[in-house]
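# Per-entry structural report
Residue-level listing of the chains:
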Amino acid sequence: MKSQRLRLGVNIDHVATIRNARGGAMPDPVRAAQAAARAGADGITAHLREDRRHISDADIERLSREIDLPLNFEMAATPEMLEIALKAKPHAACIVPEKREERTTEGGLDARGQHNQLAPIVAELADNGSRVSLFIEADRAQLDAAVSLGAPVVELHTGRYCDLHAAGDLSAAASELTRIRDAARYGASLGLEVHAGHGLAFETVADIAAIPELAELNIGHFLIGEAIFVGLEAAIAEMRQHMTLGRARAA
Ligand code: PXP
């Protein structure tokens, strides 16, 4: 297939993690979103967790009000988050699984097993004007489930691929990359817009960007860490270069 432009959504959660380590207002995630916009990000992603460990309700209000880029609101499928999303009317709502004790979003959503719980939430968000996305594992059954739920977008979980790569298990990483590639192709054949994210870094992003069916990557933790050394705008610019090099392979 002809590859399309690959969008970059910058996740600013961990600017809020650092702020919350001390309380107070600094560093400000909205300022990070402004820097991301200057660096050419296509969107801002923020996850309002049930325990509010990083992004706060006030951050979501300010991001909606003060940032011109589209906001991708990551949320658990709970009545509380649905109410907030319906009020904030973000450009996109990405439904993620959430466990209180996890350090980060560990696995994909069980779109198949939770059909009845998810269906009304997907419908309400879509009726309210948000582009609904489901964060799932690279698995055909989950992609089929996304279609039957009427979600127009899925985001494939790249965390396992990145962990295997970081651990130096390159043959397992290659198998996982193949699984993600196959899922992206299958998802696009079903008419889904396919995104990917979680754990991506300079070393891993090009192989993911080379998958022609992918339309968007969402990247956070690595960029915020790298920003400590080179600044956020430079980190984003370098990530974009790796994405562009990877995407050129898909042509
Ligand atoms: N996509 C989704 C759905 C996520 O939950 C996260 C983490 O909040 C990311 C992308 C970004 O992952 P990372 O911070 O590891 O780049």
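Note that this is a predicted model, so its numbers are computed, not measured.

Scanning the protein chain from N- to C-terminus turns up eleven helices and eight strands. The C-alpha radius of gyration of the protein chain comes to 17 Å, within 12% of the 18 Å expected for a compact globule of 251 residues. Its C-alpha atoms give the protein chain principal-axis dimensions of roughly 45 × 45 × 35 Å. Put simply, the protein chain has 251 residues, and 50% of those count as buried. Within the protein chain, contacts between residues at least 6 apart in sequence are counted, and of these 68% link residues at least 24 apart. Total accessible area on the protein chain stands at roughly 11300 Å², and carbon and sulfur atoms take up 52% of it. Where the 27 positive side-chain charges of the protein chain centre and where its 36 negative ones centre are 3 Å apart.

Position of His47 among the secondary structure elements: in strand S2 (residues 43-47). According to the relative accessible area criterion, His47 is buried, its value standing at 2%. If we ignore the near neighbours within four places in the chain, the residues touching His47 are Asp13, His54, Ile55, Glu74, Met75, Val96, Glu98 and Thr105.

A separate point is the environment of Ile18. Along the chain, Ile18 falls in helix H1 (residues 13-22). Among the residues examined, Ile18 registers a relative accessible area of 44% and is labelled partly exposed. Distance from Ile18 to Asp28, taken between C-alpha atoms, is 9.4 Å for residues ten residues apart in sequence. Ignoring any residue separated from it by four or fewer positions in sequence, one finds Ile18 in contact with Pro27 and Ile224.

Turning our attention to the environment of Met26. As for its position among the elements, Met26 is in the loop between H1 and helix H2 (29-38). Between the alpha carbons of Met26 and Gln114 there is a distance of 38 Å; along the sequence they are 88 residues apart.

Another point: the layout of surface pockets. Approximately 790 Å³ is the volume attributed to the largest pocket. Forming the walls of the largest pocket are 36 residues, and the residues nearest its centre are His14, Thr104, His198, Gly199 and His221. Counting residues per element, the ones that place at least two in the lining of the largest pocket are H1, strand S6 (153-157), helix H7 (159-166), helix H9 (202-209), strand S8 (214-219) and helix H10 (221-230). Here the residues of the lining of the largest pocket are counted per class, giving eight nonpolar, 17 polar and eleven charged. Around the second largest pocket sit Val15, Ile18, Pro27, Asp28, Arg31, Ala32, Ala35, Arg38, Ile224, Ala227, Ile228 and Leu232, which together line it. Of the residues forming the lining of the second largest pocket, the biggest block, four residues, is contributed by H2. In terms of residue class, the lining of the second largest pocket is made up of nine nonpolar, no polar and three charged.

Moving on, we come to the site of the ligand. Surrounding the ligand, one finds 13 residues, the nearest of these being Glu74, Glu155, Gly199, Gly220 and His221. One nitrogen or oxygen atom from the main chain of Gly199 is found 2.8 Å from an oxygen atom belonging to the ligand. Residue His221 places a main-chain N or O atom 2.8 Å away from an oxygen atom belonging to the ligand. The fraction of the free accessible surface of the ligand (390 Å²) that becomes covered by protein chains is 95%. When atoms are counted within 2 Å of each cavity's grid points, the one that captures over half of the ligand is the largest pocket. Class assignment for the residues of the shell around the ligand results in three nonpolar, seven polar and three charged.

As a further point, take the pattern of salt bridges. The tally for this structure, following the rule as stated, stands at 19 salt bridges. Linking Asp51 and Arg53 is a salt bridge whose minimum nitrogen-to-oxygen distance equals 3.0 Å. Of the residues examined, Arg53 reaches a relative accessible area of 25% and is grouped as partly exposed. If you follow the salt bridges from partner to partner, you end up with Arg7, Arg131, Glu193 and Glu216 in one network.

This part takes up the packing of aromatic side chains. Applying the stated rule across the entire model yields one aromatic pair. An angle of 75° between the planes, with centres 4.7 Å apart, marks the rings of Phe202 and Phe222 as edge-to-face. Placement of Phe202 in helix H9 and of Phe222 in helix H10 is noted, with a sequence separation of 20 residues between them. Exposure remark for Phe202: the relative accessible area of 10% places this residue in the buried category. With relative accessibility at 22%, the residue Phe222 sits in the partly exposed group. Geometry around Tyr186 places Arg140 over its ring, the cationic atom sitting 4.0 Å from the centre.

Thresholds applied
- Residues numbered from 1 in each chain as written.
- Predicted model: local features only at pLDDT ≥ 70, side-chain atom pairs only at ≥ 80, totals over all residues.
- Heavy atoms only, no water.
- Helix = DSSP H or I, 4+ residues; strand = E, 2+ residues; numbered from the N terminus.
- Rg over C-alpha atoms; globule rule 2.2 N^0.38 Å.
- Buried < 20%, exposed > 50% of the residue type's maximum accessible area, 1.4 Å probe, protein only.
- Contact = heavy atoms within 4.5 Å.
- Areas by Shrake-Rupley, 256 points an atom, 1.4 Å probe, with all protein chains shown as cover.
- Lys, Arg positive; Asp, Glu negative; His and termini not counted.
- Charge placed at Lys NZ, Arg CZ, Asp CG, Glu CD.
- 1 Å grid on protein atoms, 1.4 Å probe; cavity = no way out; pocket = protein on both sides within 12 Å on 5 of 7 lines; lining within 4 Å.
- Points joined across faces, edges and corners; volume = space filled by probe spheres on them.
- Nonpolar A, V, L, I, M, F, W, Y, C, P; charged D, E, K, R; others polar.
- Near = heavy atom within 4 Å.
- Polar contact = N/O pair within 3.5 Å; in protein donor to acceptor, adjacent residues only side chain to side chain.
- Sits in = over half its atoms within 2 Å of the grid points.
- Salt bridge = Lys/Arg side-chain N within 4 Å of Asp/Glu carboxyl O.
- Phe/Tyr/Trp six-rings, centres within 6.5 Å; stacked < 30°, edge-to-face > 60°.
- Lys NZ or Arg CZ within 6 Å of the ring centre and 35° of its normal.

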